[in-house]
Amino acid sequence: MSLELSKKAAAVKPSSTLAITAKAKELKAQGKDVVGFGAGEPDFDTPENICDEAINAINSGFTKYTPASGINELKEAISKKFKSFNNLDYAPEQIVISNGGKHSLTNIFTALLNPGDEVIIPAPFWLSYPEIVKLAGGVPVIVTTTKEQNFKLTAEALEAAVTDKTKALVLNTPNNPTGMLYTEEELRAIAKVAVEKDFYVVADEMYENLTYGDQKHVSIASFGKDIYDRTITCSGLAKSYAMTGWRIGYTGSPLAIAKMMGSVQSHQTSNPNSIAQKAAVEALNGPQDSVEAMHTEFDKRRKYMFERVSNMPLLSTIEPMGAFYVFVDASQVIGKSYKGTKVESVAQMADILINDYSTAIIPCADFGFADYFRLSYAISIEQIEKGLNRIEEFLKSLQ
Ligand code: GLU
């Protein structure tokens with residue numbers, strides 16, 4: 001058969017974070033002692049009060065369709081959280097609840113983009129942004145940041161990348177994969193460019209609860225009407241509440257965009273899972289002590305991992321202040337020899353680590369930084385220690 005498939009879909013690469021994680025899980029299932037630094041997925045169980053609410057939802061028959069963009073009770077809980085945590089006024093009708101953060105992004109770009117519209121994505125970036133933009137008919141424009149600027153986009157670099165086709169900027173803080181947080185001053189400078197040059201900001205704030213040290217998360221849309229009108233603020237429950245599998249993401253946006261996203265969703269998926277929505281209400285409105293406990297544990301792991309990686313031969317990194325990743329420069333590994341074979345790339349290093357050391361890392365070529373890899377510290381400190389020992393052993397074996 002010679003029927004051609006969709007060019008748009010063919011241009012999309014499968015998600016390597018998910019592929020590597022699946023491989024690590026598969027090896028574990030085969031009995032291998034694998035350490036998985038792969039996907040950013042908290043190792044904690046979803047807190048019990050949240051699970052109980054889901055069970056209640058099932059037992060009370062809350063198992064039918066809900067309004068396509070989500071139940072009002074959850075929109076109200078999100079609206080309250082936007083006000084108290086982000087200093088943002090989004091009325092319930094400005095909120096769209098979707099099947100996870102990726103689905104929110106898909107809705108956003110479907111609502112914003114016409115064929116050929118450009119979306120500026122600072123690199124390093126979470127690998128799914130360019131693919132989702134392409135699927136929505138847009139053109140990703142990658143702007144590479146530098147280590148000297150802590151991998152953060154500057155207003156000057158942003159302005160230089162703007163063309164008459166620029167429709168939006170993707171701004172991810174706290175950042176996956178770098179763990180960096182934008183300061184209020186940096187965000188204000190970026191907001192000024194967005195307003196002056198008139199484009200949208202897709203503010204992905206999925207890791208907003210996971211910040212460490214004194215610096216707090218700031219939402220770009222909170223700076224005033226001009227930037228609020230151009231921003232879609234996007235978050236979800238997966239990371240802060242250990243709810244990755246429940247698939248609940250959400251957006252706050254200007255009403256016209258929310259309506260459009262809601263109608264797109266009404267045809268593509270209908271409502272997000274009714275039971276997960278009830279659980280999400282409990283997550284946001286219920287006691288937050290388990291979230292606090294997870295956060296404290298993440299911080300311990302962060303410090304431990306940063307310290308260890310900083311002291312390893314051939315690697316360098318900068319201290320992450322948010323999310324749960326350490327972004328590691330492995331450029332000095334390239335060109336070394338492992339068991340008589342030259343290591344040509346970080347991807348090859350990742351293959352050696354999984355095959356010979358049963359340790360999964362994420363090589364960051366798909367994140368726009370081929371000489372780097374990402375380690376997730378959303379696994380136990382014992383696992384982190386074991387995995388880092390293995391990486392160190394590998395590094396010491398290089399010639
Ligand atoms: N967002 C997480 C990560 O970067 C989960 C995997 C994925 O969706 O890419 O690891």
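A word on the overall build of the chain
Per the secondary structure count, the chain includes 14 helices and 15 strands. Since a compact globule built from 399 residues should have a radius of gyration of about 21 Å, the 21 Å found for the chain is in line with a globular shape. Its C-alpha atoms give the chain principal-axis dimensions of roughly 60 × 60 × 55 Å. The buried share of the chain, reckoned over its 399 residues, is 56%. The long-range share in the chain, meaning contacts at least 24 apart out of those at least 6 apart in sequence, stands at 75%. Surface exposure of the chain reaches about 17,000 Å², of which carbon and sulfur atoms provide 52%. In the chain, 40 side chains carry a positive charge and 48 a negative one; their mean positions are 4 Å apart.

Brief notes about the site of the ligand
Neighbouring the ligand are Thr-17, Leu-18, Ala-39, Gly-40, Lys-102, Trp-126, Leu-127, Asn-176, Tyr-207, Lys-239, Tyr-325 and Arg-374. Here an oxygen atom of the ligand sits 2.6 Å away from a polar atom, N or O, in the side chain of Thr-17. In the environment of the ligand, a nitrogen atom lies 3.3 Å from a nitrogen or oxygen atom belonging to the side chain of Lys-239. Relative to its unbound accessible area of 280 Å², the ligand is 89% covered by the protein chains. Counted by class, the shell around the ligand contains 6 nonpolar, 3 polar and 3 charged residues.

Quick word on helix 12 (residues 289–310)
Relative to the 32 Å expected for 22 residues at 1.5 Å per residue, helix 12 spans 32 Å between its end C-alpha atoms, a close match to the ideal helical length. Residues of helix 12 that are buried: Val-291, Met-294, His-295, Phe-298, Asp-299, Arg-301, Arg-302, Met-305, Phe-306, Arg-308 and Val-309.

A closer look at the sheet that holds strand 3 (residues 118–123)
Overall, mixed pairing links the 7 strands, which are arranged 2-8-7-6-5-3-4 in an open sheet. Of all the strands in the sheet, the pair left with one neighbour each is strand 2 (95–98) and strand 4 (139–144). Looking at each pair of strands side by side, their axes are set apart by 20 degrees on average, direction ignored. As judged from the 5 bridges shared by strand 5 (residues 166–172) and strand 6 (residues 200–204), these two strands associate in the parallel manner. Following the sheet pairing, Ala-168 is matched in strand 6 by Tyr-200. Here helix 10 (residues 255–268) sits on the sheet in contact with strand 2, strand 6, strand 7 (231–236) and strand 8 (249–252), set at roughly 30 degrees to strand 2.

Describing unusual backbone geometry
Following Thr-173, the chain continues into Pro-174 via a peptide bond in cis, with omega recorded as -15 degrees. Within the secondary structure layout, Pro-174 lies in the loop between strand 5 and helix 8 (184–197). Residue Asn-176 is joined to Pro-177 through a cis peptide bond whose omega torsion reads 20 degrees. Residue placement: Pro-177 occurs in the loop between strand 5 and helix 8. If you check the backbone angles, Asn-87 has positive phi at about 55 degrees while not being a glycine. Tracing the backbone through its elements, the reader meets Asn-87 in the loop between helix 4 (72–86) and strand 2. For Asp-198, which is not a glycine, the phi torsion comes out positive at approximately 60 degrees.

Topic: helix 8
Its 14 residues place the ends of helix 8 20 Å apart at the C-alpha level, agreeing with the 20 Å of an ideal helix rising 1.5 Å per residue. Among the residues of helix 8, Leu-187, Ile-190, Ala-191, Val-193 and Ala-194 are the ones counted as buried. Around the axis of helix 8, the buried residues are gathered within 160 degrees of arc, so they sit on the same side. For helix 8, the exposed residues set more than 90 degrees away from the buried face come down to Glu-185, Lys-192 and Glu-196.

Brief notes about the environment of Ile-232
You can see Ile-232 is positioned in strand 7. For Ile-232, a relative accessible area of 0% corresponds to the buried category. Separated by 147 residues in the primary sequence, Ile-232 and Ile-379 have C-alpha atoms spaced 31 Å apart. For Ile-232, the contacting residues outside a window of four places in its chain are Ile-108, Leu-112, Tyr-200, Val-201, Val-202, Ala-203, Thr-251, Gly-252, Ser-253 and Ile-257.

Some words on the pattern of salt bridges
Taken as a whole and assessed by the stated rule, the structure comprises 26 salt bridges. Across the pair Arg-301 and Asp-43 runs a salt bridge, and its minimum N-O distance is 3.0 Å. One end of the pair, Arg-301, is in helix 12; the other, Asp-43, is in the loop between strand 1 (35–36) and helix 3 (48–59), and 258 residues separate them in sequence. With a relative accessible area of 2%, Arg-301 lands in the buried category.

Topic: the pairing of strand 2
Residues Ile-95 and Ile-97 line one face of strand 2 and the alternating positions Val-96 and Ser-98 line the opposite face, and both faces are buried. As defined by bridge partners, strand 2 adjoins strand 8 across 4 bridges and the pair is classed as antiparallel. Along strand 8, the bridge assignment pairs Ile-97 with Tyr-250.

Here is what the cut-offs are and how they apply
Residues numbered from 1 in each chain as written. Predicted model: local features only at pLDDT ≥ 70, side-chain atom pairs only at ≥ 80, totals over all residues. Heavy atoms only, no water. Helix = DSSP H or I, 4+ residues; strand = E, 2+ residues; numbered from the N terminus. Rg over C-alpha atoms; globule rule 2.2 N^0.38 Å. Buried < 20%, exposed > 50% of the residue type's maximum accessible area, 1.4 Å probe, protein only. Contact = heavy atoms within 4.5 Å. Areas by Shrake-Rupley, 256 points an atom, 1.4 Å probe, with all protein chains shown as cover. Lys, Arg positive; Asp, Glu negative; His and termini not counted. Charge placed at Lys NZ, Arg CZ, Asp CG, Glu CD. Near = heavy atom within 4 Å. Polar contact = N/O pair within 3.5 Å; in protein donor to acceptor, adjacent residues only side chain to side chain. Nonpolar A, V, L, I, M, F, W, Y, C, P; charged D, E, K, R; others polar. Expected span 1.5 Å × (residues − 1). Pairing = 2+ DSSP bridges. Axes fitted to C-alpha atoms, helices over the stretch in contact; angles between N-to-C directions. Arc of directions from axis to C-beta. Salt bridge = Lys/Arg side-chain N within 4 Å of Asp/Glu carboxyl O.

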